[in-house]
Amino acid sequence: MARAVVNGISVSTGIAIGKAFFLNRSLSSRLPRQTVPSHMAEDERKRLVKGFADAVTELDAIRAKVPEELREHQLIIDSHLMMLKDPKFQKSAIKYVDDLNINAEWALDKAVNDFEKAFGALEDKYIRERMQDVRQVALRVQAKLIGGEANLRPVRGRVVLMAHDLTPADTIELEVNKLMAFVTTLGGKTSHTGILARTLNIPALVGAEELENTVVDGDLVIIDGLAGKVIVDPSDEELEHYYTLQNQFDDYQRTIMRGCQLPAETEDGYRVHVHANIELFEEVAAVIDNGGEGIGLFRTEYAYLNRTDLPDEEELAEKYSELAAIMSPRKVILRTLDLGADKFMSHFGSLDEANPALGLRAMRFCLKHQDMFRIQLRAILRASVHGNVSIMFPMISGLKEVLQAKSAITRAQQELREEGIPFDENMPIGVMIELPAAVMIAEILAQEVDFFSIGTNDLIQYSIGIDRTNPHVSYLYQPLHPAVVRSIKYVVDAGHRAGIGVSLCGEVASDPYCVPILMGMQVDSLSLTPQAIPGIKRILRQLNMQECKQLLKEVLSCRTVARINRLVTENIYKKYPEELTFFASLLDNDDIAG
Ligand code: PEP
Ligand code: MG
């Protein structure tokens, strides 16, 4: 293979250089497409039914092998099993055998194409990603039909794993210690592959659309998890450059890991708490290993996604209690459900909303579905006796929502009291500040809660009026827009005047260009992706609070975002030229380069 570059989305950082090993190329290119005489249609129907049944047997066997610590994956296997057992799915394929006189493999392909067309039109990122599950399920059946195995071939030696897609079932079967990196054709930012790679601490790219057209087994490849690209058959100069970069990255990792358990204290003694944002229980080990002092944001949505039923109180209470116990005495902030917009739950179906980000999501959704909310609140309260648990409400737009949510907690507490079930009477209650309305009434909200957590991912979206998932306006996603900087400062000051702690849990907290300004505001804690903790802690330990306050003062006097970006870039380059190579920033690349 001649030199080529394949772009992808980096979901786990780092550099890997090695031989490509394909796990499962797309089966679709190998599927026989034949018309069959009508007297043979019955055989094709039977083959389809048997294909589905064999796929169920295979997946059942994989499910039985799921180790305890990967139980989150099991839920997704369950959802695949449910699709396989859904009679409507089989029927839609059988109908093609009957109507078009085509073979079983082709008929199933056409049925899945129909689903993809119907759902693809919805322009909803989450649904598009779930459509990949339907495709994966169909591929498992098709592998059975052509007599192939959907199972994986054994990995030989240490390899860079390439796959059309990696299903949770695949990841359970993998010999993970042999993997230097992952690259998949499918997948988006929220796909499971990324979480697995981050847990294993190896580079990973998803959504590398040209992968299967460009790379073959045994090709020498460089995975650049910093820039999000695969370089196939690199030149000698490229290899030399990347070996050097890899060594620098490894050295840098070793350096930051050495200091990561030290407290995050500026050189002049200002202490800030560094917590982690996680979605899955499996990420807990990475939080502790990377020096996370607690969990500042547990996104509880995951337990509700990829399934058609709702989790019950037992299941949630068990999970939250385990998390609280394992992290204890460290803090765990459980955020109540933030569903809607880009995260939708099959149990309720997709809401027909013209502007989902402005629609029935998060707190609004929970207050509308009080039965479901009650179950989650009871589960959180039950977990509160097993560790240091706080609760936090997302997307608060006004005082009434806070009061309603607190009343729901009071009712759940009363029920538990009557049932003799223990809970922490003093569990802290916080709110996320993610809407400009919440910023402006921060003083009022501060009277009602124990802490604030500023969710800049949403606050930026709602302040500047741009969809955070829309690439056409991503150039306007400016974390240091003067309005955003002023909003954050306003909230920190309002919280402190009321005597409550203020944390920041958006991606801004993982951005080295933004952190000095946040420190200048004297935020009490930052909550970041676990992987970013060691690097940010190291930067924090080299900061000087007086300099941060001075920088903030200058930033607040700037009239444009470009000026602010230049100011912080100059400032941080002066101080940490080497670390910045290994960080992605939310700031505009032109500003950083210039
Ligand atoms: C945020 O909005 O900044 C946040 C942390 O929440 P999420 O990214 O889950 O919306
Ligand atoms: Mg948010």
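The coordinates are above.
Notes on the structure follow. Everything numeric in this text was worked out from a predicted model, so none of it was measured.

1. Notes on the pattern of salt bridges
At step 1: Enumeration according to the criterion identifies 28 salt bridges in this entry.
At step 2: One salt bridge connects K144 with E58, and the closest N-O pair in it is separated by 2.8 Å. Linking K144 in helix α5 (residues 125-145) with E58 in helix α1 (residues 41-64), this pair joins segments that are 86 residues apart in sequence.
At step 3: What you see here is one network of salt bridges that share partners, running through E313, E314, R374, R378, R382, E415 and E419.

2. Examining the packing of helix α9 (residues 236-258) against helix α20 (residues 533-542)
Helix packing for two helices is described by the angle between their axes and how far apart those axes are.
At step 1: For the pair α9 and α20, interaxial distance at closest approach is 8 Å and the crossing angle is 70 degrees. Compared by their axis directions, α9 and α20 come out roughly perpendicular. Crossing of α9 against α20: the hand is left-handed. The segment α9 lies against α20, with Y252, T255, I256 and M257 engaging P534, G535 and R538.
At step 2: Tallied by class, the residues present in the contact of α9 with α20 amount to four nonpolar, two polar and one charged.

3. Digging into the coordination of the magnesium ion (ligand 2)
In an ideal tetrahedron of four donors about a metal, each angle is 109.5 degrees. In an ideal octahedron of six donors, the angles are 90 or 180 degrees.
At step 1: The coordination sphere of the magnesium ion (ligand 2), as far as protein atoms go, consists of E434 (OE) and D458 (OD), spread over 2.1 Å. With E434 in the loop between β13 (429-433) and α15 (436-440) and D458 in helix α17 (residues 456-464), the pair connects residues that are 24 residues apart, well separated along the chain. Across the pair, exposure class does not vary: E434 and D458 are buried alike.

4. So, the sheet that holds strand β14 (residues 451-454)
Adjacent strands of a sheet form backbone hydrogen bonds with each other and so pair up, either parallel or antiparallel.
At step 1: With parallel pairing, the eight strands of this closed barrel are ordered in space as β9-β10-β11-β12-β13-β14-β15-β16. Within the sheet, the average angular offset between the axes of one strand and its neighbour, ignoring direction, is 25 degrees.
At step 2: Note that strand β10 (residues 294-299) and strand β11 (residues 331-335) share four bridges and pair parallel. Its bridge partner lying in β11, G294 is registered against K331.
At step 3: Contacting β11 and β12 (388-393), helix α13 (residues 370-383) runs over the sheet at an angle of about 155 degrees to β12.

5. Quick look at the packing of aromatic side chains
At step 1: This structure, assessed with the given rule, holds three aromatic pairs.
At step 2: Relative to F89, the ring of F52 has its centre 5.6 Å away and its plane inclined at 85 degrees; by these criteria the two rings are edge-to-face. One end of the pair, F52, is in helix α1; the other, F89, is in helix α3 (residues 87-100), and 37 residues separate them in sequence. Across the pair, exposure class does not vary: F52 and F89 are buried alike.
At step 3: Their ring planes at 70 degrees and their centres at 5.6 Å tell us that F89 and F115 sit as a pair that is edge-to-face. Placement of F89 in helix α3 and of F115 in helix α4 (residues 104-120) is noted, with a sequence separation of 26 residues between them.
At step 4: Assessed through its relative accessible area of 4%, F89 is described here as buried.
At step 5: Taken together, the aromatic side chains of F52, F89 and F115 make up a single cluster linked through ring pairs.
At step 6: We note K110 situated over the ring of Y96; from NZ or CZ to the ring centre the distance is 5.6 Å.

6. Overview of the nonpolar core
At step 1: F393, F452, L526 and L540 are the most contacted members of the largest nonpolar core, which totals 114 residues.
At step 2: A total of seven residues in this core trace back to one element, the largest contributor, which is α13.
At step 3: In this structure, L540 is in contact with A264, E265, T266, V272, V274, V515, M519 and L526, ignoring residues within four places of it in sequence.
At step 4: Counting 28 residues, the second-largest nonpolar core is a separate cluster that includes A41, L59, I62 and L81.

7. Quick look at the sheet that holds strand β8 (residues 229-232)
At step 1: One open sheet accounts for eight strands, arranged β1-β8-β7-β3-β4-β5-β6-β2; its pairing is mixed. This sheet does not close on itself; its edge strands, each paired only once, are β1 (4-7) and β2 (9-12). Adjacent strand axes in the sheet meet at a mean angle of 30 degrees, parallel and antiparallel pairs treated alike.
At step 2: In the packing of α9 onto the sheet, contacts are made with β3 (15-22), β7 (220-224) and β8, and the angle to β3 comes to roughly 115 degrees.

8. Some remarks on the site of ligand 1
At step 1: The immediate surroundings of ligand 1 are formed by 14 residues, with R299, E434, G455, N457 and R468 found nearest.
At step 2: One of the side-chain N or O atoms of E434 is found 2.8 Å from an oxygen atom in ligand 1.
At step 3: In the environment of ligand 1, an oxygen atom lies 3.1 Å from a nitrogen or oxygen atom belonging to the backbone of T456.
At step 4: Secondary-structure elements contributing two or more residues to the shell around ligand 1 are β10 and α17.
At step 5: For the shell around ligand 1, the leading source of residues is α17, giving three residues.

9. Section: helix α11 (residues 313-327)
At step 1: With 15 residues, α11 ought to run about 21 Å at 1.5 Å a step, and its terminal C-alpha atoms sit 21 Å apart, in line with that.
At step 2: When α11 is considered as a whole, its buried residues turn out to be E313, L316, A317, K319, Y320, S321, L323, A324 and M327.

10. Brief notes about the side chain of T185
At step 1: The residue T185 is located in the loop between β5 (179-184) and α7 (192-200) in this model.
At step 2: You can call T185 buried: its relative accessible area is 10%.
At step 3: For T185, the side chain forms a polar contact with the side chain of E212, separated by 2.7 Å.
At step 4: Contacts of T185, omitting those with residues within four sequence positions, involve A163, H164, G207, A208, E209, L211 and E212.

11. With respect to a nonpolar patch on the surface
At step 1: Together, L399, L403 and I444 make up an exposed nonpolar region whose accessible area comes to about 220 Å².
At step 2: Tracing the chain through its elements places I444 in helix α16 (residues 442-446).

12. Remarks on unusual backbone geometry
Where the residue is not glycine, phi is negative for most of them; where a peptide bond is considered, it is trans in most cases.
At step 1: Cis geometry is found at the peptide bond from S328 to P329, where omega equals 5 degrees.
At step 2: When you line up the elements, P329 lands in the loop between α11 and β11.
At step 3: One non-glycine residue, N101, lies in the positive phi region at around 50 degrees.
At step 4: Relative to the helices and strands, N101 resides in the loop between α3 and α4.
At step 5: Residue M395 is not a glycine yet carries a positive backbone phi of 50 degrees.
At step 6: Inspection of the secondary structure puts M395 in the loop between β12 and α14 (399-419).

13. Quick word on helix α18 (residues 482-497)
At step 1: The end-to-end C-alpha distance of α18 is 22 Å, a good match for the 22 Å that 16 residues give at a rise of 1.5 Å each.
At step 2: Looking at the residues trailing α18, positive phi occurs at G499, about 80 degrees.

14. Some words on empty space enclosed by the protein
At step 1: For the structure shown, the criterion picks out five cavities of 30 Å³ or more.
At step 2: There is about 60 Å³ of room inside the largest cavity.
At step 3: What lines the largest cavity is a set of ten residues, among which F298, T300, Y302, A303 and K319 lie closest to the centre.
At step 4: The greatest single-element share of the lining of the largest cavity, amounting to three residues, is contributed by α11.
At step 5: Here the residues of the lining of the largest cavity sort into five nonpolar, one polar and four charged.

What counts and what doesn't
- Numbers given to residues run from 1 along each chain, matching the order in which its sequence is written.
- Chain letters start at A and ligand numbers start at 1, both assigned in the order the entries are written.
- The predicted nature of this model means local features are confined to residues of pLDDT at least 70 and side-chain atom pairs, given and counted, to a pLDDT of 80 or more, with totals for whole chains, interfaces and linings taken over all residues.
- As a rule here, side-chain values cover all heavy atoms of the structure and leave hydrogens and water aside.
- Think of a salt bridge as a Lys or Arg side-chain nitrogen and an Asp or Glu carboxyl oxygen that are within 4 Å of each other.
- Helix and strand definitions follow DSSP, with helices as H or I runs of at least four residues and strands as E runs of at least two, each counted in order from the N terminus.
- Between the N-to-C directions of two axes lies an angle of 0 to 180 degrees, each axis being a line fitted to C-alpha atoms and, for a helix, fitted only over the stretch in contact.
- For this classification, under 35 degrees means roughly parallel, over 145 means roughly antiparallel, 65 to 115 means roughly perpendicular, and everything else is oblique.
- We call a crossing left-handed when the near helix sits turned anticlockwise from the far one by less than a right angle, and right-handed when that turn is clockwise.
- When checking whether two residues touch, look at their non-hydrogen atoms; a contact exists if any pair is within 4.5 Å.
- In this classification, the charged set is Asp, Glu, Lys and Arg, the nonpolar set is Ala, Val, Leu, Ile, Met, Phe, Trp, Tyr, Cys and Pro, and all remaining amino acids, among them Gly, are polar.
- Coordinating N, O and S atoms are those within 2.8 Å of the metal (3.2 Å for Na, K and Ca), and as water is not part of the atoms, a site may appear to have fewer donors than expected.
- Each residue's exposure class comes from its accessible area (1.4 Å probe, protein chains only) as a fraction of the maximum for that residue type: buried when under 20%, exposed when over 50%, partly exposed otherwise.
- A pair of strands is labelled paired if DSSP reports no fewer than 2 bridges between them.
- Stacked, edge-to-face and tilted labels apply to pairs of Phe, Tyr and Trp rings (six-membered ring for Trp) whose centres lie within 6.5 Å, assigned for plane angles under 30 degrees, over 60, and everything in between, in that order.
- Two conditions define a charge sitting above a ring: the NZ of Lys or the CZ of Arg must be within 6 Å of the ring centre, and it must be within 35 degrees of the ring normal.
- Put simply, buried Ala, Val, Leu, Ile, Met, Phe, Trp, Tyr and Cys residues joined by side-chain atoms within 4.5 Å make one nonpolar core.
- A single heavy atom is enough: if one lies within 4 Å of a molecule or strand, its residue is considered near that molecule or strand.
- In the analysis that follows, any N or O atom pair within 3.5 Å is treated as a polar contact, provided that within protein one partner can donate a hydrogen and the other can accept it, and provided that, for residues neighboring in sequence, both atoms belong to side chains.
- Between the first and last residue of a helix there are one fewer steps than residues, each counted as 1.5 Å, and that sum is the expected span.
- In this analysis, a patch consists of residues with relative accessible area above 30% that form no salt bridge, clustered at 9 Å for like charges and at 5 Å for the nonpolar side chains Val, Leu, Ile, Met, Phe, Trp and Tyr.
- Each accessible area value is a Shrake-Rupley result obtained with a 1.4 Å probe; residue values ignore everything except the protein chains displayed when judging cover.
- Using a 1 Å grid laid over the protein atoms alone, points where a 1.4 Å probe fits but cannot get out form a cavity; open sets with protein on both sides within 12 Å along at least 5 of 7 lines form a pocket; any residue with an atom within 4 Å of a point counts as lining.
- Grid points are joined across faces, edges and corners, and a volume is the space filled by probe spheres set on the points.

None of this, on its own, says anything about what the molecule does.
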